[in-house]
Amino acid sequence: LKEKKVNIPPKTQEFCGRTRREFLWQTGAGFTGVALSGLLDSGVFQALAAEAPASRSFVNPLAPKEPMFPGKAKSVIFLFMYGGPSHIDTFDYKPAMVGMDNKTVKVKTAGRGGKKNEGRIVEPRWKFKQYGDCGKWVSDLYPHLGQQVDDVAFIHSMTADSPQHGSAMLQMNSGKILSGSPCLGSWVNYGLGSVNENLPGFVVMLDPRGGPISGPKNWSSGYMPAHFQGTVFRSAGEPILDLRRPDDLTENAQRYLLDTLQEYNNEHLELCGGNPTLASRVASYELAYKMQSTAPEAIDMSDESEETKQLYGMDDPRTSTFGRQCLMARRMVERGVRFVQIYSGGNHNDTSWDAHGDLIVNHELHCGETDKPMAGLIADLKRRGMFDETLIVWGGEFGRQPTAEYEKGTGRDHNAYGFTMWMAGGGVKGGVSVGKTDEIGSAAVEKPFHVKQLHATILHQLGIDPNRLTYFQGGLDQKLVGVEDVEPIWELV
Amino acid sequence: MRARLIAAAIICFLIGITASYAEDIEDNPQSFPDAGAEYYQTQVLPILRAHCYSCHTAEPGGEVDSEFNMASRETFVSGGHSGPAIDEQAWSESAILRAINYEDSEMPPKGKLPQSQIATITRWVEMGAPWSDTTEASPAQGPPPVDDLARNFWSFRPVKRPEVPAVSDLEFVRTPIDAFVLAKLEEAGLSPAAPARKTTLLRRVYYSLIGLPPTPEEAKAFLADDSASAFERVVDRLLDSPQYGERWARHWLDLVRYAETDGYEFDRAKPEVWRYRDYVIDSFNSDKPYDRFLKEQLAGDELDLETASGIIATGYYRLGATDSGAAERLQAEFDELDDVIATTGQVMLGLSMNCARCHDHKIDPFPTADYYRMLAFFRGIKRGRGDSTRQIQVTPDGGDQQLAGRWEAEFDAAERGIQRTENRLRRHLKAGEADDFEEETYRPAIVRANSPLHVSEVDLAEYETFLTKRQELEDNQPIGLARALCVVERGPQPPQTHVLVRGSPYAKGDPVSPGFPSVLTSMEASMPTPKNDATSSGRRRVLAEWITSCDNPLTARVMVNRLWHYNFDRGIVRSTNDFGYAGTPPTHPKLLDWLASELVDGGWKLKRLQKMIVMSSVFQMSSITDDQTMERDPENDLFTRFNLRRLEGEEIRDSILAVSSNLNPKTHGPSIYPSISDEVLAGQSRPGEGWRQETPPEEQARRSVYVHVKRSLIVPLLAVFDAADTDASCPARFATMQPTQALTMLNSEFLNEQAKIFADDIRNEVGDDPKSQVAEALRRVTQREPNEVEIERGAQLMVALTREHGVAADRALQKFCLLAMNLNEFLCLD
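Thresholds, definitions, all that
- Residues numbered from 1 in each chain as written.
- Chains lettered and ligands numbered in written order.
- Predicted model: local features only at pLDDT ≥ 70, side-chain atom pairs only at ≥ 80, totals over all residues.
- Heavy atoms only, no water.
- Helix = DSSP H or I, 4+ residues; strand = E, 2+ residues; numbered from the N terminus.
- Buried < 20%, exposed > 50% of the residue type's maximum accessible area, 1.4 Å probe, protein only.
- Contact = heavy atoms within 4.5 Å.
- Rg over C-alpha atoms; globule rule 2.2 N^0.38 Å.
- Areas by Shrake-Rupley, 256 points an atom, 1.4 Å probe, with all protein chains shown as cover.
- Lys, Arg positive; Asp, Glu negative; His and termini not counted.
- Charge placed at Lys NZ, Arg CZ, Asp CG, Glu CD.
- Phe/Tyr/Trp six-rings, centres within 6.5 Å; stacked < 30°, edge-to-face > 60°.
- Lys NZ or Arg CZ within 6 Å of the ring centre and 35° of its normal.
- Pairing = 2+ DSSP bridges.
- pLDDT = per-residue confidence, 0-100.
- Salt bridge = Lys/Arg side-chain N within 4 Å of Asp/Glu carboxyl O.
- Polar contact = N/O pair within 3.5 Å; in protein donor to acceptor, adjacent residues only side chain to side chain.
- Axes fitted to C-alpha atoms, helices over the stretch in contact; angles between N-to-C directions.
- Left-handed = near helix turned anticlockwise from the far one by under 90°.
- Nonpolar A, V, L, I, M, F, W, Y, C, P; charged D, E, K, R; others polar.
- Buried area = accessible area lost by both parts, 1.4 Å probe.
- Core = buried A, V, L, I, M, F, W, Y, C linked by side-chain atoms within 4.5 Å.
- Expected span 1.5 Å × (residues − 1).
- Parallel < 35°, antiparallel > 145°, perpendicular 65-115°, else oblique.

Novice: Tell me about the overall build of chain A, and name the residues and values.
Specialist: A count of helical and extended segments in chain A gives 11 helices and 19 strands. With 493 residues in all, chain A has 64% of them scored as buried. Within chain A, residue pairs in contact and separated by at least 24 positions form 77% of the contacts whose partners lie at least 6 positions apart.

Novice: A description of the overall build of chain B should follow, citing residues and the corresponding values.
Specialist: Looking only at helices and strands, one finds 36 helices and 6 strands in chain B. Taking 2.2 N^0.38 as the reference for a compact globule, 830 residues should give roughly 28 Å; the C-alpha atoms of chain B span a radius of gyration of 30 Å, in line with that estimate. Principal-axis analysis of the C-alpha atoms places the extent of chain B at approximately 90 × 75 × 55 Å. Counting only residues that meet the buried cut, chain B has 60% of its 830 residues in that class. Restricting to contacts in chain B with at least 6 residues of sequence separation, those with at least 24 account for 70%. Put simply, chain B shows about 32300 Å² of open surface, and 51% of that area lies on carbon and sulfur atoms. Distance between charge centroids for chain B: 4 Å, based on 92 positive and 128 negative side chains.

Novice: Break down unusual backbone geometry for me, with residues and values.
Specialist: Residue and element names in this part refer to chain B. Cis peptide bonds are those with omega within 30 degrees of zero, and the linkage from Met107 to Pro108 qualifies with -10 degrees. The phi dihedral of Phe639 falls on the positive side, at around 60 degrees, and the residue is not glycine. The residue Phe639 is located in the loop between α26 (627–632) and β5 (645–646) in this model. Overall, the relative accessible area of 1% leaves Phe639 in the buried class.

Novice: Tell me what's going on with the packing of aromatic side chains, and back it up with residues and numbers.
Specialist: Under the criterion given, the structure shown has 53 aromatic pairs over all chains. A centroid spacing of 4.3 Å and a plane angle of 20 degrees characterise the contact between Tyr93 of chain A and Trp137 of chain A, whose relative ring orientation is stacked. Remark: Trp137 of chain A occurs in strand β5 (residues 136–139) and Tyr93 of chain A occurs in the loop between β1 (75–81) and β2 (104–111); sequence separation between them is 44 residues. With a relative accessible area of 29%, Tyr93 of chain A lands in the partly exposed category. Trp137 of chain A sits in the partly exposed class, given a relative accessible area of 31%. Grouping aromatic residues by their ring pairs yields a cluster made of Trp252, Tyr258, Tyr276, Tyr279, Phe284, Tyr290, Phe293 and Trp604 of chain B. One Lys or Arg, Arg204 of chain B, reaches over the ring of Phe619 of chain B and ends 6.0 Å from the middle of that ring.

Novice: Could you give an account of the pairing of strand β13 (residues 419–425) of chain A, naming the residues involved and the relevant values?
Specialist: Residue and element names in this part refer to chain A. The buried fraction of β13 amounts to 7 of the 7 residues, a majority that puts the element mostly inside the structure. Here 5 bridges tie strand β6 (residues 152–159) to β13, and the two strands are oriented antiparallel to one another. Paired with Met158 across the strands is Phe419, a residue of β13. Here 4 bridges tie strand β10 (residues 390–395) to β13, and the two strands are oriented antiparallel to one another. By the bridge assignment, Val393 is partnered in β13 with Met423.

Novice: Talk me through the confidence of the model for chain A; I want residue IDs and the actual numbers.
Specialist: When pLDDT is averaged across chain A, the result is 87; 88% of the residues are at 70 or more. A low-confidence stretch, residues 1–58 of chain A (pLDDT under 50), is modelled with 111 contacts involving residues beyond four sequence positions or located in other chains.

Novice: For the pattern of salt bridges, give the residues involved together with the corresponding values.
Specialist: Should the charged atoms of two oppositely charged side chains come close, the side chains can pair. Inspection of every chain in the model, using the stated rule, returns 101 salt bridges over all chains. A salt bridge links Arg703 of chain B to Glu246 of chain B; its shortest N-O distance comes to 3.1 Å. With a gap of 457 residues between them, Arg703 of chain B in the loop between α29 (697–700) and α30 (716–720) and Glu246 of chain B in helix α12 (residues 242–255) connect regions that are remote in the sequence. Glu246 of chain B shares its class with Arg703 of chain B; the two are buried. Between Glu464 of chain B and Arg448 of chain B there is a salt bridge, with its nearest N and O atoms 2.7 Å apart. Placement of Glu464 of chain B in helix α21 (residues 457–475) and of Arg448 of chain B in helix α20 (residues 443–449) is noted, with a sequence separation of 16 residues between them. According to the relative accessible area criterion, Arg448 of chain B is partly exposed, its value standing at 40%. Here the salt bridges do not stand alone but share partners, grouping Glu297, Asp303, Glu304, Glu307, Arg330, Arg331, Glu334, Arg335, Asp380, Arg383 and Arg384 of chain A into one network.

Novice: Could you give an account of the side chain of Gln754 of chain B, with specific residues and numbers?
Specialist: Within the secondary structure, Gln754 of chain B sits in helix α32 (residues 749–766). A distance of 3.0 Å separates the side chain of Gln754 of chain B from the side chain of Asn662 of chain B, its partner in a polar contact.

Novice: Could you give me a rundown of the packing of α12 of chain B against helix α23 (residues 555–568) of chain B, with the residues and numbers involved?
Specialist: All names here are of chain B. Remark: α12 packs on α23, axes separated minimally by 12 Å, with the N-to-C direction vectors making an angle of 115 degrees. Judged by the twist between their axes, the crossing of α12 over α23 is right-handed. Contact with α12, carried on its side by Trp248, His251 and Leu255, involves Arg562, Leu563, Tyr566 and Asn567 of α23 and no other residues of that element. When its residues are assigned to classes, the contact of α12 with α23 shows 4 nonpolar, 2 polar and 1 charged.

Novice: Describe the environment of Phe222 of chain B, naming the residues involved and giving the relevant values.
Specialist: All names here are of chain B. Here Phe222 is to be found in helix α10 (residues 216–224). What makes Phe222 buried here is its relative accessible area of 6%. In sequence terms Phe222 and Thr199 are 23 residues apart; their C-alpha atoms lie 8.5 Å from each other. When neighbours within four sequence positions are excluded, Phe222 is seen to be in contact with Lys198, Leu202, Ala230, Phe231 and Val234.

Novice: Give me the interface of chain A and chain B: which residues, what numbers.
Specialist: Many descriptions give the size of an interface as the accessible area lost when the pieces come together. Counting from both sides, the interface comprises 94 residues of chain A and, opposite them, 86 residues of chain B. Both faces combined, the contact of chain A with chain B buries some 7500 Å², and carbon together with sulfur accounts for 60% of it. Along the contact surface separating chain A from chain B lie 9 salt bridges. Arg811 of chain B is paired through a salt bridge with Asp248 of chain A; the nearest N and O atoms lie 2.7 Å apart.

Novice: Can you lay out the nonpolar core for me, pointing to particular residues and giving the numbers?
Specialist: Residue and element names in this part refer to chain B. Formed by 144 residues in total, the largest nonpolar core has its most connected members in Val205, Trp252, Tyr276 and Trp564. At 8 residues, α23 tops the list of elements feeding residues into this core. Phe758, Ala775, Ile791 and Leu797 belong to the second-largest nonpolar core, a separate cluster that totals 100 residues.

Novice: Account for helix α33 (residues 770–782) of chain B, with residues named and values stated.
Specialist: Residue and element names in this part refer to chain B. Relative to the 18 Å expected for 13 residues at 1.5 Å per residue, α33 spans 18 Å between its end C-alpha atoms, a close match to the ideal helical length. For α33, the complete set of buried residues consists of Gln773, Val774, Ala775, Glu776, Ala777, Leu778, Arg780, Val781 and Thr782. Positive phi appears at Gln783, one or two residues downstream of α33, with a value of about 60 degrees.

Novice: Kindly report on the pairing of β2 of chain A, identifying the contributing residues and their values.
Specialist: Residues and elements named next belong to chain A. Both β2 and strand β3 (residues 114–120) contribute to a ladder of 6 bridges, which runs antiparallel. Residue pairing for β3: Lys106 is matched across the bridge by Glu118. The hairpin turn running from β2 into β3, its antiparallel successor, is 2 residues long.

Novice: Would you mind going over the packing of helix α4 (residues 165–174) of chain A against helix α11 (residues 451–461) of chain A in detail, with residue names and values included?
Specialist: Residue and element names in this part refer to chain A. Between α4 and α11, the shortest axis-to-axis distance is 9 Å and the interhelical angle comes to 25 degrees. For the element pair α4 / α11, the angle class is roughly parallel. Packed against α4, whose contacting residues are Gln171, Met172 and Ser174, the element α11 presents Val451, Leu454 and His455 at the interface. The residue inventory of the contact of α4 with α11, partitioned by class, reads 3 nonpolar, 3 polar and no charged.

Novice: Let's hear about the environment of Gly690 of chain B: which residues, and what values?
Specialist: Residues and elements named next belong to chain B. By secondary structure assignment, the location of Gly690 is in the loop between α28 (678–681) and α29. By relative accessible area, which is 41% here, Gly690 ends up partly exposed. The spatial distance from the C-alpha of Gly690 to the C-alpha of Leu713 is 9.0 Å, given a sequence separation of 23 residues.

Novice: Summarise the environment of Thr736 of chain B; cite the residues concerned and give the values.
Specialist: Along the chain, Thr736 of chain B turns up in the loop between α30 and α31 (739–747). Classification of Thr736 of chain B by relative accessible area gives buried; the value is 4%. With 14 residues separating them along the chain, Thr736 of chain B and Asp722 of chain B place their C-alpha atoms 7.1 Å apart. Every residue in contact with Thr736 of chain B, bar those within four places of it in the chain, is listed here: Pro225, Ala226 and His227 of chain A together with Arg646, Asp722 and Gln741 of chain B. Within polar-contact distance, the side chain of Thr736 of chain B engages the side chain of Asp722 of chain B at 2.9 Å. A distance of 3.0 Å separates a polar atom in the side chain of Thr736 of chain B from a polar atom in the side chain of Gln738 of chain B.

This is the structure:
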């Protein structure tokens, strides 16, 4: 290193004592990877990027991109009912099953217990009633959501390729039953970028009882770089891994340490001819520092009214966790996060929706935890004028069978031949239902839709053509929806 | 030193280069009688086929997008809706060039072509868009045909050793490599960057060869050594060190998507898989010829001499993700064979043959039948866990038999103890829990969850003891005898292979026999007739012999390109796993072929080439060049300078351990489990499952290549720094720059623990003087003498932290050590 006079500049809240413009110029001129616009006034930034020599131009993989066509939704909140909710006990009304309890019927099923050709009917255990102007039949498990059905679009004829949790989870999240592809949230961020670089563009919130089967594979960016990977946000304590500075370092002390670090790094940067890789690393520390305050702020509920918290059920121990996560999701969407996924259910068996044993205990638990918060989320988004720009998606990796899994009891095995999902907001029609399963809900019989059509619909609402969103990998233009062209579910949009 | 190196280079010129090599048409299209037409055919047409033809060709009168038809020169020139594509008055103003440069329109719409392909098309247009009608026979639409044109594609042609070009700056030429690179630089009127500083060079060669930084002592000794052979001696020492194999094995493990679990719902640990990792390390360390290395992995069990390492090598077939719970078994079987074809094709041949599974390859000349002929080589492989291991003798005598007997008895006792508790519990279990209990990996969690209700505390304690005992025994198997994860076939006769229509295992088409890709050879694969009691068909050996034959145009090219890639952070062919039409053509085709010839002629030994590469002037250039050169060679296509890069995750973790003097150099053996925080484990469906948190600290401090690779749970420090995805071959690491990396480096428990160890070690070594402490910390991370400013700055930080920010005196040094490990100079390599 060249000799320099000892000159320790006074520490400031500015970037290493340089002017803001110097900082912009030195780092912005050389960006290759870090999203920076959250740090900067974007107008100034773009002007600088334009001035930069072509060889060192700024390529930010998460920079906001124009959608392919004007999309209705800007963000997605995916409420993932992990384990597989029973459609015929919730939203897919089967009056013909009344009185059929315990009757053995011929029906093809495939689940964890293998393929079967007959089974003992378990009659839906809850009463249904009609709600809203649309007269939608909803079971007594959802008294709150029932109030919102005029804003909800139900798909009753969903199908998936696998009746096993591992591969079905991968398919619902990444389109493929095989491991290794990027998740929906990754594709959305790849296609649209993120408008707030101080927060991750793809956020995942887990059930405190555990993650889903295959854990992080469910928010992996697969063959795409890690910018597009989901970040786990906790609802209590520090929201993001390693966000909290060590206990023995105050905020000022850490700032001092960072300023000193950046002095070393800037000297080195200068010696290396302003190399863009080095400049990006310098800036990533500033972003990290900033994230330490923006991420906790995003989940800090102290500026939310008691009435709002109650709307989400945060005052009731049963609904407080999921309610808090739904409210966190709204706050993140407000701050520009593109894709938020909340898991209801974790671990295995009855701590998830996987009701193999006692259907009643299982579904009363999970519906009870989620009904009010979901209804609250819809209501809150509507009154804030955010509903039309926020697409809510509800469902699990599959549904459940009409028949019992075991000789005794009400437990139902998995069912990928037919199940229900719903969407709300984000420009989808309200009060509509498409597709049908047969009269006992064993398989989709009218307008069957595949997971990839659900994905296509989500991308379409965001202004992305699902058949043109491609990523070159392994000798092929890969797509979320697979090789063949896929149409969105036009009936809903 | 220079004189000696030049002499060495000249000897290479004289003895090494005998075969002549036709002038490369890319370098000099005018030297051929019909050079323009050939340039169009061999360079331009593949690009058009891959990126334009699907929308812009048709038989005369057929429909094409924007009415722009590339099928003939006439229609090409006249263009479509937006006017002529080629301006015959001003070639370089042509609309096609503006389109591919994304100036007005943007073509192809899926993404801009790589700069090298844009350059090829630009050059072709500026040559006057020469045409060749011999291509008219090719169907305008549909998959590329297997014809003479395809066989003449640059990577499918036989390798011919080119002559080393003559250059003027002889000073620069230490190895023939330098002449190839310099020739292109001189042609472009550019100069190579100045030689890197000695300290920079030392760091660079350490990371290239062993993936670790030099110690301050090693750096000091090298700086003090002015002899001509100082650098060469360092290179030789590093190539001979066991860390060389650890570093280079990591590259290979990335390629073959090495992981130690099955993935999917259960993500079970693969038995004995670490022996494959050790096999790869040992192979690099012993400089095993690359052809032998491939043969063992593909067919170690079918070679004439069966060796333990040959059996372990076939663990290659067991490394992928496998869904034991797959609903469609037959589909899963073919998915796994596809995974083997994808990996073998991309890694060994640079071909994405897997794209021809459901239909003819859309970009490369591989019909579907070729895919299934390739699959037929692997058709005998048994799927499934029960059939994936074999007993092998690790030492010739099988080790101490008595010891082995005792081990087995103890192991059985532990097994029985575990089963006793499990069997007692089983009858109490219901529904989902009972089903889960059938999965062995889930049992301990379920047993624990059922205590004390159904398993008494005493029984649970006993159960835990047996579990620990079994694990200990598994980790400490008697030397000599072991089980190996390996390939197992059904017997001498595999089932008949058929072409599967649209890739569906239920739609059998024509039967096929094993065969090589038709574009690469017309040779028939001649199959051996195995004896009735043979354990395998012998087919894989036939494939292995073809892949490693000297005539195979791809194997050597692909491997020398990887050597180049891992030393220079980019391949001569940038798409290291794709040497097909959609790949990026080589920036230095002659250099590539020269290296490929050297590899084969040198008996497929890698260390020799590795040494030549790091001894070259090209490797020893500075990463800094002047603005004018930057402007003329922005992507470093010509190697005007060295590419600065961020270290990879494993290099970062290993370097942290090394500089804090905490690295445990222990080699070989079962994998280690660095601690993972509960917050991260919370993402698992059963938090903590499959991760052994009790690994002792000294074991945790081993190199990253020994860290357990669990598909669904990657150590956070490695994950955040772009660890290889293990579901498919990883040809190149991403090097993202993200704020979460900074958070990890500043706030994580691991970094702060290491900073403490680092600080303690420095205090032991230099005492309590802050300036000496700072100097020593900087010396360790940068391997150079820090200057006064740097020392003063660090000392001042420590004073300020203590006096103004309430940091305890002994902690201030830890904070400085943390800072030191965050320096760009430490985490990046220039």
